[in-house]
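What follows is the residue order along each chain.
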Amino acid sequence: MRSYANKEELKAEINKTFEKYIMEFDAIPESLKDKRVESVDRTPAENLAYQVGWTTLLLTWEEDEKNGLTVSTPSEKFKWNQLGQLYQWFTDTYAPLSLQELKIKLHENVNAICAMIDLLSEEELFHPHMRKWADEATKTAVWEVYKFIHVNTVAPFGTFRTKIRKWKKIAL
């Protein structure tokens, strides 16, 4: 996993990978948002729903902790050994939205994550044991908050950009 020198570098990487990812959806007509193709595991709507789901959870973890609530990761309804059901919940909850609505929601989440980064100190972002939700999310590993941000933004934006590009080559 990539490390970052400071919060500006992290935000720049989030925005760079997000812009590359989200522009892939510009050429996809709404009529094909739910089209399934062989060898690609998600439709365009499901692809975006996954991103909206994880970025929403990330923001919820931080907001809940700031409000003094006990945070259950990945969510109140699902445990880490139920990720398949969580992904289905993302699909059921978000994929019915239009591509435009999904893109707007994801853009809002990315902006909110960057604003969250701005509010965190360098220590809160890059040192371990700064958030209960981060400590309790893993049984054995120690993850700093920036790692959770990275694996829920930069990493999947790259991976899922490859998936949507493959979908476009087949479907368009």
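Just so we're clear, the structure is a prediction, and the values are computed from it rather than from any experiment.

Enquirer: Explain helix α3 (residues 83–94) here, please?
Expert: Counting along an α-helix, one turn takes 3.6 residues, and residues three or four places apart therefore face a common direction. In a regular helix each residue adds 1.5 Å, so 12 residues correspond to 16 Å; α3 covers 16 Å between its end C-alpha atoms and thus fits that length. Here α3 has its buried residues at L86, F90, T91 and Y94. Burial along α3 is one-sided: seen end-on, the buried residues are contained in an arc of 145°. Looking at α3, the residues exposed on the side facing more than 90 degrees away from the buried face are G84 and D92. Summarising the contacts, the buried residues of α3 are in contact with α2 (44–66) and α4 (99–119).

Enquirer: Please clarify how helix α1 (residues 7–23) should be interpreted in this entry.
Expert: In this model, α1 (17 residues) spans 24 Å end to end at C-alpha, consistent with the 24 Å of a helix rising 1.5 Å per residue. Taken as a whole, α1 has its buried residues at K7, L10, K11, E13, I14, T17, F18, Y21 and I22. The buried residues of α1 occupy an angular sector of 160° when the element is viewed end-on, so they sit on one face. Along its buried surface, α1 packs onto α2, α4, α5 (122–126), α7 (145–151) and α8 (154–171).

Enquirer: How do you make sense of the packing of aromatic side chains when you look at a structure like this?
Expert: Two aromatic rings are characterised by how far apart their centres lie and by the angle between their planes. The tally for this structure, following the rule as stated, stands at 19 aromatic pairs. Centroid distance W54 to W80: 6.1 Å. Interplanar angle 10°. Geometry classified as stacked. Taken as a pair, W54 in helix α2 and W80 in the loop between α2 and α3 lie far apart in primary sequence, 26 residues in all. Taking relative accessible area as the criterion, W54 reaches 6% and is therefore assigned buried. In this structure W80 comes out as partly exposed when scored by relative accessible area, which is 34%. Here W54 and F90 contribute two aromatic rings whose centre-to-centre distance is 5.7 Å and whose plane-to-plane angle is 75°, an arrangement assigned as edge-to-face. A residue pair is termed long-range when its members are at least 10 positions apart, and W54 in helix α2 and F90 in helix α3 qualify at 36 residues. Relative accessible area serves as the criterion here: at 1%, F90 is assigned to the buried category. Of the aromatic side chains, those joined through ring pairs into one cluster are Y50, W54, W61, W80, Y87, W89, F90, Y94, W133, W143, F148 and F160. Positioned over the ring face of Y87 is R42, at 5.8 Å from the centre of the ring.

Enquirer: What exactly am I supposed to notice about the packing of α2 against α4 here?
Expert: Helix packing geometry: the angle between the two helix axes and the distance between the axes. Following both chains from N to C, one finds α2 and α4 inclined at 30°, their axes separated by 9 Å at the closest point. With respect to α4, the element α2 is oriented roughly parallel. As for the relative orientation of α2 and α4, their crossing is left-handed in sense. Here α2 contributes P44, A45, L48, A49, Q51, V52, T55, T56, L58, L59, E62 and K66 to the contact with α4, which in turn contributes L99, L102, K103, K105, L106, N109, A112, I113, M116 and L119. Here the residues of the contact of α2 with α4 are counted per class, giving 14 nonpolar, four polar and four charged.

Enquirer: Help me understand the environment of F126, please; the structure alone is not making it clear to me.
Expert: You can see F126 is positioned in helix α5. Accessibility expressed as a relative area gives 16% for F126, which makes it buried. Once the C-alpha coordinates of F126 and K7 are considered, the two residues, 119 residues apart in sequence, prove to be 8.8 Å apart. Excluding residues within four positions of it along the chain, F126 makes contact with Y4, N6, K7, E144 and Y146.

Here is what the cut-offs are and how they apply
Residue positions are given per chain, counted from 1 along the sequence in the order it is written. A pLDDT threshold of at least 70 governs which residues receive local features in this predicted model, and a stricter bar of 80 or more applies before side-chain atom pairs are shown or counted, although totals over entire chains, interfaces and linings include all residues. With hydrogens and water set aside, each side-chain value is computed from the structure's full complement of heavy atoms. Runs of E in the DSSP output that reach at least two residues are strands. Runs of H or I that reach at least four are helices, and both are numbered from the N terminus. Expected span, for any helix, means 1.5 Å times one less than how many residues it has. Each residue is assigned to one of three classes by its accessible area relative to the maximum for its type, calculated with a 1.4 Å probe on protein chains only: buried under 20%, partly exposed between the two thresholds, exposed over 50%. Summarising the geometry, the arc corresponds to the directions from the helix axis toward the C-beta atoms. Contact criterion: two residues are considered in contact whenever any of their non-hydrogen atoms come within 4.5 Å of each other. Here is the rule: rings of Phe, Tyr and Trp (six-membered ring for Trp) pair when centre to centre is within 6.5 Å. Planes less than 30 degrees apart are stacked, more than 60 are edge-to-face, and the remainder are tilted. Criterion for a charge above a ring: Arg CZ or Lys NZ at most 6 Å from the ring centre, at most 35 degrees from the ring normal. Note on geometry: axes are C-alpha line fits, over the in-contact stretch for helices, and angles between N-to-C directions span 0 to 180 degrees. For classification purposes, an angle smaller than 35 degrees is called roughly parallel, one larger than 145 roughly antiparallel, one from 65 to 115 roughly perpendicular, and anything else oblique. Note on convention: the crossing is left-handed when the near helix lies turned anticlockwise from the far helix by less than a right angle, right-handed when the turn is clockwise. Ten residues, namely Ala, Val, Leu, Ile, Met, Phe, Trp, Tyr, Cys and Pro, are considered nonpolar, four, namely Asp, Glu, Lys and Arg, are considered charged, and the remaining ones, Gly among them, are considered polar.

As far as function goes, none of this settles anything; it's purely spatial.
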